[in-house]
Structure formats: C-alpha cells, structure tokens
Amino acid sequence: MANGRALLPQQFAARPSPLRGIGGRRVCRVTNSIAVEKQKTAAPASEGWLPQKNGNDVVVRFGFPKGSLQKSTEDLFGRAGFKMKVSERNYFPQLDDDQYRLVLFRSQEISRYVEDGVLDAGICGKDWIIENNADVVEVCELRYSKATSNPARWVLAVRDDSPVQSIEDLEGAIVASELVETTRKFFEEKNINVKKVEYSWGATEVKAMLPGIGAIVDITETGSSLRANNLRIVDTIMSSTTRLVANKESWEDPELRRKIEDLGMLLQGAILGRRKVGLKLNAPREKLDEITSLLPATLSPTVAPLVDSRFFAVDVIIDEQLARDVVTECRRLGASGIVTYSLKSIIPDSSVL
C-alpha cells in the first residue's frame, strides 16, 4: 500500500497505464498534491485467481466494490448469470468469464482509479463520483444498494436534544463528514459559514454526541441506524445511487466498450428481474378481456388459444407486489391453472444504456 493506493499484481496491469512516468516511476494522485515514487514490483497474485487470456480477446480491468456493497453486488452478478468465487484473504475475485479481471476496492476509490486508467471500469456510488470530481463515463445507473433499491441519502444530522433546528443554526459550527468536499460545497451554496468540515474516518454517528461537534453528515437508506443512535435529520445533502463507470480512453476502444456495455445490460436485467414475477393462467373465453385488462405489461400480455376452445393461455410479467392482488382478482373472474414464478433477469431495452 502506497499513499493510500494498493500496488496491483503485475499481470493485472497488462496494458500500459497512463500513470506510468519516466524511468518506471508511478505518479500517485493525493489530495491537493502529486506524489512520485519508484515503481515497486508487486508479488504475483495467488495462483488460480487470474483467468488465462484467450487469444487476442480483450480483458476488462474491473473494480468490484468492497465493503457495504460487496455482498449485494455478488448476488447481483449471480443473478446476471455469472459464477463468482470470492476468498476472504484474496482481493481478486474469480469470475467464470476470462474477459473480466476483478479487483476489490472501496467504493470511495473506484471512480479515481477508473479516471486514472488503473481500471477500465467499475461499480461505485454517484456520491463518490461527485466527491472525487472524477472525470469518468457513467455507463448506466444500477438501482440497488446494501439493503434496498432506494437511493441512499447523505443527511445532515444532530442529537435529538440538539438546539439545532435548521442548517442556519450551524453557522460557525464544526461538522464531521466523510464526504468533505460535497459537504463544504453544500454549506457554501447555502451561504452558511461553518467553522470547519472535519473529515470523519468512520463511526460518524458517535461524533454527533461529542461536545464541540455541531452536526454530522452520514449516509442512510432507511434512517433506522440514525434513530437507534438518537439522532435527528436536519437536511439532506444529496441522494445517490450506484453507477457502472468506465475510463474515457477505455470507452473509446470498441471491444472494451462492448464488454462494459454487455455487463451493464446484464446487471440492469438482474435488477429488473429481482422486482418482477412471471404469471401464467388459463382464462375463460368470455372473461378474457376483463382478465387481460388487469395485467400491465411492457407491450401486452401473451395470449394463446388452448386445445379446449373455451380457454386462452395468458402469460405476463408483473411487479411482485402487484401479483398478490392480480392473482386473487383473476381467480374470482374464473381463471384457472394460475402459476407465479420468480425471474433471474429481464434484459432492458437498449435505450436504457
């Protein structure tokens, strides 16, 4: 680890990187400065983690989010049809596709490494693209997070018994935040002069209880953790969803772009499939119009006549929550052979990417 950035196995950076400098030195970006160090030769990765390159096939160097998003992202890749093996002691997950080389990074770092060309693509939050001011291609939005599919919110919070009722009450106060630049800009745009936005290295909720800390900025999906710690939300700094991002130069390479777009399509399909179910039923001829009017679909339900001319087979994909009401109503109208089934993925229209 050098200046906060891990040295990658030599095989991982198979193509020349824009970070390589004169004399084999590597340029590392650090906040408000540039540090230069001698290139170190990293030890080779554990045998077996790196798939062999097939002929001249392109390989995408991909940043996989470590931390709160890791498990949900592993599940998403599985639903998209990938088989993945992740070892607790290895930062290089194995994927059953030789054209992707994965490495685990914190979501906070991925947009920086993608911009620098260390990675061709990766998954991170929109919040860290903004915080890092990262110049990357946002390939697509991926509406998933640690616990829900709702956007995560960075909120300004105080103790329940704090006299602070609005952001104006924080004039001259110290605010603890992991999202320092975004928080500072938020107060500047509101013309509120806080004393300092102090970087929080974790356990941000605890700092709201400390004398001298006026407020904290923390991320939440449901707000339950804040409530459990007797904290009250004063305002929302920003909302954020997960994004698939790509390096600009890699995006201009047709083969790399195709692989990155393919991955985005599959992951979006897995997200859509998670919220939908399939529904099949047999509808009486005289009730067909009434039953199909209950069934929303992208185009229309699939309807086909049966050997028994008194019935039609109906097949449709609907929201999982809606299925409960639709099933019972269709049954009241005389539908039979009703079956609901789960879906792994629904491939979105090409216009989504």
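This is a predicted model, so every value here is computed, not measured.

A. View of the overall build of the protein. Summing up its helical and strand segments, the protein has 10 helices and 18 strands in all. Taken across its 353 residues, the protein has 44% of its residues classed as buried. For the protein, long-range pairs separated by at least 24 residues make up 71% of all intrachain contacts whose partners lie at least 6 apart in sequence. Carbon and sulfur atoms make up 48% of the accessible area of the protein, which amounts to about 19100 Å² in all.

B. Expanded view of the nonpolar core. By size, the foremost hydrophobic cluster in this structure holds 29 residues, and its most contacted members are F62 and F77. The dominant element in this core, judged by the number of residues it contributes, is helix α8 (residues 254–274), at 6 residues. Counting residues in hydrophobic clusters, the runner-up holds 21 residues, among them L156, L170, I192 and I237.

C. Here's a closer look at the packing of aromatic side chains. Evaluated as defined, the whole model comprises 8 aromatic pairs. Relative to Y100, the ring of F82 has its centre 6.1 Å away and its plane inclined at 90°; by these criteria the two rings are edge-to-face. Linking F82 in the loop between α1 (70–79) and β4 (84–85) with Y100 in strand β6 (residues 100–106), this pair joins segments that are 18 residues apart in sequence. Judged by its relative accessible area of 3%, Y100 falls in the buried class. A ring pair is formed by Y199 and W201, whose centres lie 4.8 Å apart and whose planes are at 85°; its orientation type is edge-to-face. In this structure Y199 comes out as partly exposed when scored by relative accessible area, which is 34%. Cluster of aromatic residues (ring-pair linked, three or more members): F62, F64, F77, F82 and Y100.

What counts and how
- Residues numbered from 1 in each chain as written.
- Predicted model: local features only at pLDDT ≥ 70, side-chain atom pairs only at ≥ 80, totals over all residues.
- Heavy atoms only, no water.
- Helix = DSSP H or I, 4+ residues; strand = E, 2+ residues; numbered from the N terminus.
- Buried < 20%, exposed > 50% of the residue type's maximum accessible area, 1.4 Å probe, protein only.
- Contact = heavy atoms within 4.5 Å.
- Areas by Shrake-Rupley, 256 points an atom, 1.4 Å probe, with all protein chains shown as cover.
- Core = buried A, V, L, I, M, F, W, Y, C linked by side-chain atoms within 4.5 Å.
- Phe/Tyr/Trp six-rings, centres within 6.5 Å; stacked < 30°, edge-to-face > 60°.

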